[in-house]
Amino acid sequence: MEDTTLTLDDIRAQWARERPDLDTGPMALLGRMARLTRLLGAEMEATFARHGLNQASFDLLATLRRAGSPYALSAGQLMARMMITSGSVTNRINRLEAQNLVERRADEGDARKAIVALTEAGFEVIERAVADHVATQKRLTDRLSAEEFSALDGLLQGWLERL
């Protein structure tokens, strides 16, 4: 059976043959970034899964945890800090509440608002999951030298700022 997996350089060579007028350098760069994102994402999802979480549930629990004691925020604060819609926040809260990882409490200052807080079980899960997540990220980036890490981080930061 023939291997049909093409590298990005193979794809560029095909385009160079068919359309030599096109600059496919950006295609290769963005393609490599997309492939890297998929590979890294799969590794991180596997880490979250070990804790019964996915990216979305990890994100909400981590947002509450890094907020500091009492590890509680309003839905509006969660939306702003996580940069997601109210519907997304509500769905995530509902799922995590069903798992007893968060709970809704009445806002003492405004009875119309609910506060979302980590439960004791939620705190324990995110403590383990965030440590594991950071270890996964370290393992994945350890393949870069300190100089490569710094250069890549600076390049990406500058590019993001310009976009």
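Residues numbered from 1 in each chain as written. Predicted model: local features only at pLDDT ≥ 70, side-chain atom pairs only at ≥ 80, totals over all residues. Heavy atoms only, no water.

K.L.:
Go over the overall build of the protein chain, please, and point to the residues and values.
P.N.:
Helices and strands together make up the secondary structure of the protein chain, namely 7 helices and 3 strands. Helices and strands in the protein chain line up, N terminus first, as α-α-α-β-α-α-β-β-α-α. For 163 residues, the compact-globule formula gives about 15 Å, and the C-alpha radius of gyration of the protein chain, at 21 Å, lies well above that figure. Taken across its 163 residues, the protein chain has 26% of its residues classed as buried. Pairs at least 24 apart in sequence give 48% of the contacts found in the protein chain among residues at least 6 apart. Just so you have it, the protein chain exposes about 11,200 Å², and 55% of that area is on carbon and sulfur atoms. (Helix = DSSP H or I, 4+ residues; strand = E, 2+ residues; numbered from the N terminus. Rg over C-alpha atoms; globule rule 2.2 N^0.38 Å. Buried < 20%, exposed > 50% of the residue type's maximum accessible area, 1.4 Å probe, protein only. Contact = heavy atoms within 4.5 Å. Areas by Shrake-Rupley, 256 points an atom, 1.4 Å probe, with all protein chains shown as cover.)

K.L.:
Before we move on, can you summarise the pairing of strand β3 (residues 114–118) with the specific residues and values?
P.N.:
Within β3, 4 of the 5 residues are buried, leaving the element largely enclosed by the surrounding structure. Note: strand β1 (residues 72–74) against β3, 3 bridges, orientation antiparallel. Each residue of the ladder has a partner; that of Ser74, found in β3, is Ile115. Pairing of strand β2 (residues 102–106) with β3, which is carried by 5 bridges, proceeds in the antiparallel orientation. Residue pairing across strands places Glu103 opposite Ala117, the latter belonging to β3. (Pairing = 2+ DSSP bridges.)

K.L.:
Summarise the packing of helix α3 (residues 55–66) against helix α5 (residues 86–98); cite the residues concerned and give the values.
P.N.:
Helix packing for two helices is described by the angle between their axes and how far apart those axes are. Here α3 crosses α5 at 90°, and the two axes come no closer than 10 Å. The pairing of α3 with α5 is recorded here as roughly perpendicular in orientation. Facing α3, whose interface residues are Ala56, Ser57, Asp59, Leu60 and Leu61, α5 presents Val89, Arg92, Ile93 and Leu96. Taken together, the residues that form the contact of α3 with α5 break down as 6 nonpolar, 1 polar and 2 charged. (Axes fitted to C-alpha atoms, helices over the stretch in contact; angles between N-to-C directions. Parallel < 35°, antiparallel > 145°, perpendicular 65-115°, else oblique. Nonpolar A, V, L, I, M, F, W, Y, C, P; charged D, E, K, R; others polar.)

K.L.:
Summarise the packing of aromatic side chains; cite the residues concerned and give the values.
P.N.:
Tallied over the entire structure, the rule returns 2 aromatic pairs. Judged by centre distance (4.5 Å) and plane angle (25°), the ring pair of Phe48 and Phe58 falls under stacked. Placement of Phe48 in helix α2 (residues 25–49) and of Phe58 in helix α3 is noted, with a sequence separation of 10 residues between them. Judged by its relative accessible area of 7%, Phe58 falls in the buried class. Between Tyr71 and Phe123, the aromatic rings sit 5.1 Å apart at their centres with planes inclined by 50°, giving tilted as the arrangement. Of the two residues, Tyr71 sits in the loop between α3 and β1 while Phe123 sits in helix α6 (residues 120–141), which places them 52 residues apart along the sequence. Judged by its relative accessible area of 25%, Phe123 is partly exposed. (Phe/Tyr/Trp six-rings, centres within 6.5 Å; stacked < 30°, edge-to-face > 60°.)

K.L.:
Account for the UniProt feature "domain: HTH marR-type" (unreviewed entry) in the protein chain, with residues named and values stated.
P.N.:
In the numbering used here, UniProt assigns the "domain: HTH marR-type" (unreviewed entry) feature to residues 26–161. With 70% helix and 10% strand, the stretch residues 26–161 has end C-alpha atoms that lie 18 Å from each other. (UniProt positions renumbered as here; feature names shortened; annotations may be inferred.)

K.L.:
Give me the lowdown on the packing of α3 against helix α4 (residues 75–82), citing residues and values where you can.
P.N.:
Two elements in contact, α3 and α4, have axes whose closest approach is 11 Å; the angle formed by their N-to-C orientations is 105°. It follows from the interaxial angle that α3 and α4 lie roughly perpendicular. Here Asp59, Leu60, Thr63, Leu64 and Arg66 of α3 lie close against α4, whose contacting residues are Leu78, Arg81 and Met82. Across the contact of α3 with α4, the residue classes tally to 4 nonpolar, 1 polar and 3 charged.

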